[in-house]
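Read off the chains here:
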Amino acid sequence: MTTGRRTVTGAALVGALALTLLNAPAAHAQDTGIKVTDIVINKGKPIVVGTSKVVEPSLTFTITLPSGYSTSDPSRYDAFPFIYRGGLEHAADTGDNYIGPGSYTCYELSNRKAECEGSLYIDPHPSQEHVDSNGDATTWKTAVALRLFRANGSLVAEEHETRSLTVRLKRAAKVTVDASPEPVVKGKKITVTGKLTRADWATKKYGGYGGRSVSLQFRETGTSSFVTVKKVTTSSTGALKTTVTASKDGTWRWAYGGNDTTGATTSGGDHVDVR
C-alpha cells in the first residue's frame, strides 16, 4: 500500500458503535457521492473461524470523497466495507448476519482520496453472534456503509451499497496424531491414529468429522519435506487409524485439505525411531 499522511484511525467498529454507524433515518438514504473501491478482504482467501478465538482478517480499500469534503477532516464522513448474508438492509439495520471492521487507518493520497488498511472483526463467542450457526459457513456478500455530515455534525446523506466481491467463511478444523510403537524394529508395523474434528458454531465446541479423506504424510529424518503415503477416511466419529511398515526414522502427521465449509488443517508431527 502506498502510504501518505495518516488522516484517520477507525477504532473498534463493532457492537453498538457499528450499529450506530449503520442506522440512520430512511429519509437520509440517498447518494453520498463517496466512492469506496479496491476492496480486498483477507488477501482474497477464505476466512476460517473456530469456537473461541477472535479472528481479524485483513482489510484494504480506497476512499474518494465528493467535492467540498477532505480526507483531512474525518469528522465529516464515514465510509467502510462490511460483509453480510441475507438481506442488505436487514443486516445493516439490525446487525444480524453482519460483520464489520474492527479498526482501520487511512493514508491521504490527495485532498479527497485516501487508502485504508485494517481488519474485519469476528468474535465467535455467543454474546457477539458473529457466527452463531453452522449455516454461517457459506459465501458472504460485501457492501459499504457511507455517510456525510455537515460541519455541525448533522447528517447530510447515508447509503448502503452492495459490491460484487464475495467472501467465504469456513469452520476451523483440528486433527491429532499418534504413531506407535516408539521405537520400532525395522520391518515391523507402525500404527498411526488420530482424530479429525471441526468447530460447531452453534455449540461452541469441536465435534468429530466423519467420512473425510485425510492424508497420512511422512518426513524422513534429515529431509525437509513431507510426502503423502496414503489416504484414510475418518470414521463416523472422526477417528483415523492405519498401519505402515517401519523402514526409516522420521516423522508422521495427518493433513486434511478442507472443503467449501471447513478449513484445512495439519496435525503436529510424531517422530518414530526405527532400529
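How each quantity is defined
- For every chain, the first residue of the written sequence is number 1, and numbering continues from 1 onward in sequence order.
- The predicted origin of the model limits local features to residues at a pLDDT of at least 70 and limits the giving and counting of side-chain atom pairs to 80 or more, whereas totals for whole chains, interfaces and linings rest on all residues.
- Calculation of side-chain values draws on the structure's entire complement of heavy atoms; hydrogens and water are dropped beforehand.
- Each helix corresponds to a stretch of at least 4 residues labelled H or I by DSSP, and each strand to a stretch of at least 2 residues labelled E; elements are numbered beginning at the N terminus.
- For each residue, the accessible area found with a 1.4 Å probe, counting protein chains only, is set against the maximum for its type, and the residue is called buried under 20%, exposed over 50%, and partly exposed in between.
- We call two residues in contact whenever any of their non-hydrogen atoms come within 4.5 Å of each other.
- Accessible surface is estimated by sampling points in the Shrake-Rupley manner with a 1.4 Å probe; for residues, cover comes only from the protein chains shown.
- Confidence of the prediction at every residue is given by pLDDT, a number between 0 and 100.
- Criterion for a salt bridge: a side-chain nitrogen of Lys or Arg within 4 Å of a carboxyl oxygen of Asp or Glu.
- At least two DSSP bridges between two strands are required for those strands to pair.
- Side-chain atoms within 4.5 Å are what join buried Ala, Val, Leu, Ile, Met, Phe, Trp, Tyr and Cys residues into a set we call a nonpolar core.
- Cysteine sulfur atoms that pair up within 2.5 Å are treated as a disulfide.

Trainee: Mind laying out the overall build of the protein, listing which residues take part and the relevant values?
Mentor: When you go through the protein residue by residue, the secondary structure sums to two helices and 20 strands. Taken over 275 residues, the protein has a buried fraction of 44%. Sequence-distant contacts in the protein: of pairs separated by 6 or more residues, those separated by 24 or more amount to 68%. Of the roughly 12,900 Å² that the protein leaves accessible, carbon and sulfur atoms contribute 48%.

Trainee: I'd like a description of the confidence of the model for the protein, backed by residues and values.
Mentor: Mean pLDDT over the protein: 91, with 89% of residues reaching 70 or higher. For the stretch residues 11-28, pLDDT sits under 50, and the model shows 43 contacts to residues farther than four places along the chain or on other chains.

Trainee: Residue-level account of unusual backbone geometry, with values.
Mentor: Residue Pro181 is bonded to the preceding Ser180 through a cis peptide linkage, with omega at 0 degrees. Cis geometry is adopted by the peptide bond preceding Pro183, which originates at Glu182 and carries an omega value of -5 degrees. Along the chain, the position of Pro183 falls in the loop between β12 (178-180) and β13 (189-200). Here Lys43, not a glycine, exhibits a phi torsion of approximately 55 degrees, which is positive. Owing to a relative accessible area of 67%, Lys43 belongs among the exposed residues under this scheme.

Trainee: I'd like a rundown of the pattern of salt bridges, residues and numbers included.
Mentor: Scanning all chains against the criterion turns up five salt bridges. Lys248 serves as the salt-bridge partner of Glu220, at 3.6 Å between the closest nitrogen and oxygen. Of this pair, Glu220 sits in strand β15 (residues 213-220) while Lys248 sits in the loop between β17 (239-245) and β18 (250-256), and the two are 28 residues apart along the sequence. With a relative accessible area of 30%, Glu220 lands in the partly exposed category.

Trainee: So what about the pairing of strand β7 (residues 101-110)? Which residues, and what values?
Mentor: Side-chain positions along a regular strand alternate between the two faces of the sheet. With respect to burial, β7 is a largely interior element, seven of its ten residues being buried. Bridge count for β7 against strand β8 (residues 113-120) is eight bridges, and the pairing is antiparallel. Within the sheet, the bridge partner assigned to Thr105 lies in β8 and is Glu117.

Trainee: Go over the nonpolar core, please, and point to the residues and values.
Mentor: Ile34, Val36, Ile63 and Leu169 are the most contacted members of the largest nonpolar core, which has 40 residues in total. Leave out the neighbours within four places in its chain, and Ile63 touches Ile34, Lys35, Val36, Tyr77, Ala79, Cys106, Arg112, Lys113, Ala114 and Cys116. Val175, Val232, Val244 and Trp252 belong to the second largest nonpolar core, which has 20 residues in total.

Trainee: Tell me what's going on with the state of the cysteines, and back it up with residues and numbers.
Mentor: This model, assessed by the stated rule, comprises one disulfide. Sulfur-sulfur distance for the disulfide between Cys106 and Cys116 comes to 2.0 Å. When the S-S torsion is 100 degrees, as for the bridge of Cys106 with Cys116, the disulfide is right-handed. In this pair, Cys106 sits in strand β7 while Cys116 sits in strand β8, placing the two residues ten residues apart along the sequence. For Cys116, a relative accessible area of 0% corresponds to the buried category.

Trainee: So, the pairing of β8: which residues are in play, and what are the values?
Mentor: Across seven bridges, the pairing between strand β4 (residues 58-64) and β8 is antiparallel. Bridged to Thr62 within β8 is Glu115. Linking β7 to β8, which pair antiparallel, is a turn of two residues.

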